[in-house]
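Here is how the chains run, residue by residue.
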Amino acid sequence: MWHHLGKFILKYRLPLLAILIAVTGFMAYKASQVQLSYDFSRAIPTNNPKYKAYQEFKAKFGEDGNLLVIGIQTDSFFTEKLFNAYAALQRKLKKENGVDDIISIPSAVNLVKIVETEKLKADTIFPDRLLTKAEIDSGAAIFLNLPFYRNLLYNAETHAWLMGIRINKELMAKKERISIVNNISKIADEFGKVNNLTVYKSGLPHIRTQLSVRIVKEMRMFIAASIILSAIILLLFFRSASAMLLSLAVVAIGVTWSFATIHLMGYKISILNALIPPLIIVIGIPNCIYFLNKFHTAYSETGDKKKSLVMMVDRMGVVTLFCNLSAAIGFAVFALTQSQILKEFGIVAGINIIALFFISLIFIPGILSYLPPPKSRHTKYLENPRLNRWLDRLERWSLNHRKLIYATTIVIVIASAAGMSRLKSLGFIVDDLPKSDKIYTDLRFFENNFKGVMPLEIVVDTKEKRGASRNYNNLVRIDSLSEFLASLPDIGRPLSITDGLKFARQAFFEGDSNNYSMPLEFDLPALSQYLSPGRDSGRNKNSFAKLVTTFMDSTRQKARISVSMKDVGSKRLPKILDSISKRVDQLFPKPKYDVQLTGTSVTFLEGSHYIINGLKDSIFWAFVLIALCMLYLFRSARVLLCSLIPNIIPLLITAGLMGWVGIPLKPSTVLVFSVALGIAIDVTIRFLVNYKQELPGNNYDMKKTVIDTIHSTGISIIYTSLVLIAGFIIFCFSGFDGTKALGWLTSLTLVTATLTNLVLLPAILISLVKMRK
């Protein structure tokens, strides 16, 4: 079959190449339309109850992750120069496109009782102009006497000051968010430079935008680095510019198709599928090396270019198909998970790795047929004396030291199993960033001074209209839950409708901060009316009124308690949520009430569980499907067992090392196993297929065939392994710890897989010969 296919490709090479070029042109057009994803909540299936609750929350109360925070730390905040500069910063930021509102000290309001009418009005504490020192001191005295703002806009103990900038939720999911966040950062940094202060920036808009920009930069860097590194290796290997350019053209087509597939499938570039184009390069180059290696070997034997090209397709077609199929399975199994972001990664990667096979099958023989035959210097690598000496050593080890090989393998497996027992799952919202990274250190500033910026939302459904505003018993329960939340060490200052009522009560008692407490039941009707923006007596819809009224829905049936918390990680977060749930059950018994815990913190935890569990399942399915492919290819359970052992051991070693050095299981590290299995099994397939093909020519002498296979495939296996290892090492230069781990862990797995396939696999095959005798 493959022999006839080789003749067909050469006979119709021109129309096949024309079709390939036309399709690539179409793909290039589609690739130019691919967009960057700004949605970080797609780890959860859309039918998941927590995902539905989060979407319902956003529909009623708006986006919870659109608050960007700016912080400074100084004990001279209320000096004339600094305060006026801080107020000017707020005014400048308020004019920026995409900024909906700012809550900050210069715009803070106070509720003041009008003695004549016994009514309250909202007045700004600091006039919106350049202030004198006396005016600032007067305003500061009022402001610092308002408990409502304590630990919300400032921390009196650490002298930290916070400004909250609410970004337009419509622009949060668009490309414009990058320029909005960058402009805000630039203005804030200029303020810090002028006033000799360190400005800290955090909040989900800032974190997500910075991560998105880094993803794009790294994707471009990895593509460029992969191409340059591959070009150097190919040039050193083949000593031929045409072979190098041919291989680079194959992977360039593959990369173009991968970008186009992302767009055609309706997806966008995410932190995961941004890895696909560099992976296509890393996987595509070995295809080219094996095809060219077989072509050069055949040409050295026959001296006939056309015959050699047909032999290349005949001998390498089935091998490359199953190698690409196994690699595609290693990625495509992610499509079986329930996580949308993993599904997208698996589908796009799987499709394009298979497509890469057909691109190579058509493009390489088609172009080689138009090029002149290879010269002697192009095939000189086939007689590399240094590599051949190493292959001789491998042969001697396999023949004479099998017991030592088996004993060493058993010891390593036992040590790896012990390391695996130490593996733990752990993830963070701001994960994979170095501890010295500006994003990480700024986040820690807000955690140390304001207990974090990660949103946690609690929605209380009273199941009665106006039950959240006029039912005093419900309000007391809400306040009790708020006080419980405030007592937790990892949760910041809660905000709810009851905080507005306390503020109003303080105003009624002449601003005495001792009266900042829940009003009595008979005070409720007189106070609650001032928390409606329609009754705002000061500026229309000032920040205070807008802030307070976001904590009830339009029917006043549902109330929202909003808190910011630390990024405590997937291990501690469930314990915190469980303690909150227990208190919720005590205060709001079912079925009278319905309470939902939601927000980015909850969806992150749920998403982490789905990703980790999905990746674990994907490893199982990768083994099953690859095993079925191997069984079909070799039609022998014994050969299947021989093929799996050298590939299971590298995964065990990697998992054991992770346990010993304390690398946790998280999305970026669990990804290693399925990917490495799919790629490493290529070496086994190429070795065993060559073994199977050579067996008849050696009169079914299995021992002699193993020795010949070591020498005939060893050089190309070593070179392709070097390409793969070098390609993954590139990821070690990432700014994300997870991508670094993916790079060096996959490289480690591939190194051990190369050794097990060139040392352990031949030893097992020779042992089978001994067993048959």
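I will try to describe carefully the structure that is included in this document. (Residues numbered from 1 in each chain as written. Predicted model: local features only at pLDDT ≥ 70, side-chain atom pairs only at ≥ 80, totals over all residues. Heavy atoms only, no water.)

1. Considerations on the pattern of salt bridges
Pairing between side chains of opposite charge can happen when the charged atoms of each approach one another.
Link 1 in the chain: Enumeration over the complete set of coordinates arrives at 16 salt bridges.
Link 2 in the chain: A salt bridge links Asp128 to Arg91, with the nearest nitrogen and oxygen atoms 3.1 Å apart. Here the residue Asp128 occupies a position in the loop between strand E4 (119-124) and helix H5 (133-143), and Arg91 occupies one in helix H4 (residues 80-94), the gap between them amounting to 37 residues.
Link 3 in the chain: Three or more residues are tied together by salt bridges with common partners; here these are Asp490, Lys566 and Arg572. (Salt bridge = Lys/Arg side-chain N within 4 Å of Asp/Glu carboxyl O. Helix = DSSP H or I, 4+ residues; strand = E, 2+ residues; numbered from the N terminus.)

2. Describing the packing of aromatic side chains
Link 1 in the chain: Applying the stated criterion across every chain yields a total of 29 aromatic pairs.
Link 2 in the chain: Consider the rings of Phe620 and Trp621, whose centres lie 5.3 Å apart with planes at 70 degrees: the pair is edge-to-face.
Link 3 in the chain: We classify Trp621 as partly exposed; its relative accessible area is 39%.
Link 4 in the chain: Of the aromatic side chains, those joined through ring pairs into one cluster are Phe77, Phe78, Phe83, Tyr86, Phe126, Phe143, Phe148, Tyr149, Tyr154, Trp161, Phe191 and Phe503.
Link 5 in the chain: The ring of Phe148 carries Arg493 above its face, with NZ or CZ at 5.7 Å from the centroid.
Link 6 in the chain: Taking the ring centre of Tyr632 as reference, the NZ or CZ of Arg635 above it sits at 4.6 Å. (Phe/Tyr/Trp six-rings, centres within 6.5 Å; stacked < 30°, edge-to-face > 60°. Buried < 20%, exposed > 50% of the residue type's maximum accessible area, 1.4 Å probe, protein only. Lys NZ or Arg CZ within 6 Å of the ring centre and 35° of its normal.)

3. Comments concerning the sheet that holds strand E8 (residues 454-461)
Link 1 in the chain: Taken together, the 3 strands give an open sheet; going across it, the order is E9-E8-E10, and neighbouring strands pair in antiparallel fashion. Each edge of the open sheet is held by one strand with a lone partner, namely strand E9 (558-565) and strand E10 (594-598). Across the sheet, the axes of successive neighbouring strands diverge by a mean angle of 15 degrees, strand direction being ignored.
Link 2 in the chain: Pairing analysis gives 8 bridges linking E8 to E9, with the strands arranged antiparallel. Within E9, the residue paired with Val459 across the bridge is Arg560.
Link 3 in the chain: Sheet contacts for helix H20 (residues 600-634): E8, E9 and E10; angle to E8, the most-contacted strand, approximately 105 degrees. (Pairing = 2+ DSSP bridges. Axes fitted to C-alpha atoms, helices over the stretch in contact; angles between N-to-C directions. Contact = heavy atoms within 4.5 Å.)

4. What to know about the nonpolar core
Link 1 in the chain: Within the largest apolar cluster, 252 residues are counted, with the highest numbers of intra-cluster contacts made by Phe78, Phe143, Tyr149, Ile165 and Ile580.
Link 2 in the chain: Among the elements that line this core, the one with the most residues is helix H22 (residues 667-694), at 16 residues. (Core = buried A, V, L, I, M, F, W, Y, C linked by side-chain atoms within 4.5 Å.)

5. Quick look at a nonpolar patch on the surface
Link 1 in the chain: Side chains of Leu336, Phe620, Trp621, Leu625, Leu628 and Leu631 sit close together on the surface and give an oily, nonpolar patch of about 580 Å² of accessible area.
Link 2 in the chain: Tracing the backbone shows Trp621 in helix H20. (Patch = residues over 30% accessible without salt bridge, like charges linked within 9 Å, V, L, I, M, F, W, Y side chains within 5 Å. Areas by Shrake-Rupley, 256 points an atom, 1.4 Å probe, with all protein chains shown as cover.)

6. What to know about the packing of H4 against helix H6 (residues 176-194)
Link 1 in the chain: Viewed as axis vectors pointing N to C, H4 and H6 meet at an angle of 165 degrees, and their least axial separation amounts to 11 Å. Relative to H6, the element H4 is oriented roughly antiparallel. For the pair H4 and H6, the crossing hand works out as right-handed. Where H4 abuts H6, its residues Leu82, Ala85, Tyr86, Leu89, Lys92 and Leu93 lie against Ile184, Ile187, Ala188, Glu190 and Phe191.
Link 2 in the chain: Class assignment of the residues belonging to the contact of H4 with H6 gives a composition of 9 nonpolar, no polar and 2 charged. (Parallel < 35°, antiparallel > 145°, perpendicular 65-115°, else oblique. Left-handed = near helix turned anticlockwise from the far one by under 90°. Nonpolar A, V, L, I, M, F, W, Y, C, P; charged D, E, K, R; others polar.)

7. Section: the environment of Ala252
Link 1 in the chain: Assignment of secondary structure puts Ala252 in helix H8 (residues 241-264).
Link 2 in the chain: Distance from Ala252 to Ile227, taken between C-alpha atoms, is 8.8 Å for residues 25 residues apart in sequence.

8. Notes on a positive patch on the surface
Link 1 in the chain: A cluster of like positive charges, contributed by Arg386, Arg389, Arg393 and Arg396, occupies part of the molecular surface.
Link 2 in the chain: Within the element layout of this structure, Arg386 appears in helix H12 (residues 385-400).
Link 3 in the chain: By relative accessible area, Arg386 is classed as exposed at 59%. (Lys, Arg positive; Asp, Glu negative; His and termini not counted. Charge placed at Lys NZ, Arg CZ, Asp CG, Glu CD.)

9. Side note on the side chain of Lys30
Link 1 in the chain: Note that Lys30 resides in helix H2 (residues 13-31).
Link 2 in the chain: The side chain of Lys30 sits in the buried core without any salt bridge; Glu344 is the nearest counter-charge, 17 Å away.
Link 3 in the chain: In this structure Lys30 touches Ala260, His263 and Leu264, once residues within four positions along its chain are discounted.

10. Re the state of the cysteines
Link 1 in the chain: Overall, the coordinates contain 0 disulfides when judged by the stated rule.
Link 2 in the chain: Cys288 forms no disulfide, and the closest cysteine sulfur to it belongs to Cys323, at a distance of 13 Å.
Link 3 in the chain: Of the residues examined, Cys288 reaches a relative accessible area of 1% and is grouped as buried.
Link 4 in the chain: Free of any disulfide, Cys323 has its nearest neighbouring cysteine sulfur in Cys629, separated by 11 Å. (Disulfide = S-S within 2.5 Å.)

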